[in-house]
Amino acid sequence: MTGGTLKIVFTDEDLVRVRIASRIDELWEMAMSLHVLQRPGGGADLTGWRRQARADLAEAGLLTPVRQRLVPLMPIKAYFPDFLTPYHAQAGPRSGIDALADTPPSRVRHEVDQLRRHAALPATLDDLARGDRRAISGLAGLAARYCRTAFAGHRTTMEHALGRERTRLTRLLSDHGVEAMLTALGPRTRWRSPVLETDYAAGRYEIQLRGRGLTLIPSYFCRYTPVALADPSLPPVLIFPAPRRTPAPDPVLDDALPDLLGPTRTRILRCVAATTGCTTSELARRTGTSLSSASAHAQVLHRTGLITSTRHANIVIHQITRLGAELIHHRTRL
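Here, residues in each chain are numbered from 1, in the same order as that chain's written sequence. It should be noted that, the model being predicted, local features are given only for residues of pLDDT at least 70 and side-chain atom pairs only at 80 or more, the latter also being counted only at that level, while totals for whole chains, interfaces and linings use all residues. In computing side-chain properties, one takes all heavy atoms of the structure into account and sets aside hydrogens as well as water.

S.K.: Could you give an account of the confidence of the model for the protein, with specific residues and numbers?
M.R.: Any residue range with low pLDDT should be treated as having predicted coordinates unsuitable for detailed reading. pLDDT is a residue-level measure of predictor confidence that goes from 0 to 100. In the predicted model, the protein carries a mean pLDDT of 89, and 94% of its residues have values of at least 70. The contact rule is simple, with two residues in contact once any of their heavy atoms fall within 4.5 Å. Taken as a whole, residues 247–254 scores under 50 in pLDDT and shows nine contacts with residues more than four places along the chain or in a different chain.

S.K.: Outline empty space enclosed by the protein, supporting the account with residue identities and numerical values.
M.R.: The pocket and cavity definitions rest on a 1 Å grid over protein atoms only: a 1.4 Å probe that fits but cannot leave marks a cavity, an open set with protein on both sides within 12 Å along at least five of seven lines marks a pocket, and residues lining either have an atom within 4 Å of a point. Grid points are joined across faces, edges and corners, and a volume is the space filled by probe spheres set on the points. Counted by the stated rule, this structure contains two cavities of 30 Å³ or more. The space that makes up the largest cavity amounts to roughly 40 Å³. Taken together, I207, R212, L229, D231, P232, L234, P236 and V237 make up the lining of the largest cavity. Its boundaries defined by the atoms lining it, the second largest cavity holds a volume of some 30 Å³. Taken together, D25, W28, T85, P86, Y87, I217, L229 and V237 form the lining of the second largest cavity. Nonpolar residues are Ala, Val, Leu, Ile, Met, Phe, Trp, Tyr, Cys and Pro. Charged residues are Asp, Glu, Lys and Arg, and all others, Gly as well, are polar. Per-class residue counts for the lining of the second largest cavity are six nonpolar, one polar and one charged.

S.K.: Describe in detail helix α14 (residues 291–303), supporting the description with residues and values.
M.R.: Between its first and last C-alpha atoms α14 spans 18 Å; for 13 residues at 1.5 Å apiece the expected length is 18 Å, and the two agree. Among the residues of α14, A294, H297, A298, V300 and L301 are the ones counted as buried. Down the axis of α14, the buried side of the element spans an arc of 155°, and every buried residue falls inside it. Every exposed residue of α14 that faces more than 90 degrees away from the buried side is listed here: S292 and R303. The inward-facing, buried residues of α14 abut α12 (263–273), α13 (280–287), β9 (307–312) and β10 (315–320). Under the scheme used here, helices are H or I runs from DSSP no shorter than 4 residues and strands are E runs no shorter than 2 residues, and both carry numbers assigned from the N terminus. Within two residues after α14, G305 carries a phi angle of roughly 80°, on the positive side. Between the first and last residue of a helix there are one fewer steps than residues, each counted as 1.5 Å, and that sum is the expected span. Throughout, exposure labels follow a simple rule: accessible area from a 1.4 Å probe, protein chains only, divided by the maximum for the residue type, with under 20% read as buried, over 50% as exposed, and the rest as partly exposed. It is the directions from the helix axis to the C-beta atoms whose arc is reported.

S.K.: Before we move on, could you go through the layout of surface pockets and cite the residues and values that matter?
M.R.: For the largest pocket, the calculated volume is near 620 Å³. Lining the largest pocket we find 32 residues, and of these K77, A78, F80, A201 and V227 sit closest to its centre. In terms of residues, the lining of the largest pocket owes the most to one element, helix α2 (residues 26–38), which gives four residues. Here the lining of the largest pocket is built from residues that sort into 21 nonpolar, five polar and six charged.

Set out below in structure tokens:
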């Protein structure tokens, strides 16, 4: 599955502009998950997801459109179009879908022509290949429906796995620096300053960052080797496999804790305790609260010593303290 090597060449400026994605990039997960749908294996977790996703897509009437219009665009080959995974998705799924829908027809035509060199395309994609605006918009709508349907029952598992990986990388970056973090990206990557080298399915490829920095995007569905964009002029990203571990179930807790802290603050504390660390935005998504509310509750828990909150750039990582863990498990001696 390796096929070649990707080399990413850093300058000193690039080292201070390394960024860790702060949320799930749904369009990259779409691309990687479509590869998972096309190939068996990957362990019990992906086998279970594959079975459930096919059933959910069929029930929603999406299985045939996905097979006819999305799967052919993302074959397990050396190339698939970059416009399918716009950088705007880092701001959230809606931003990514809007950017996909607004892709210039000339770019769609060019990248679909590139794809034809690697894979045959069905007639169902003829309008898209011509750069038809309605076809581009329709593809974006199908991508949005696919993500909502295929990830619905698995989103919590994805959030936990990717949250753990983001926390691990952020800790390394904060405690030991960017080079230590790059060294620890994974078994298929190697940091030899000033080059990050990784096994790469698309052959030999080199990216010169030239001061643009690099966004690291851990992926739940990326299975083997990291992935990068084909067009070197686009904002550089590296998508790499995150460990997929099923999170331990939350401890059985007494009803007295919500009486003490309040129900929302209790959910926030339990959420922090259930992981090795999570960001404020992850707390908001996992507990169903607004970002401002999650931030306010986390600040209170931090001030009372129940959690720690460590800022790095635009990310704050929350972790449970010993006092917080003892309170949850009813071992606090007051």
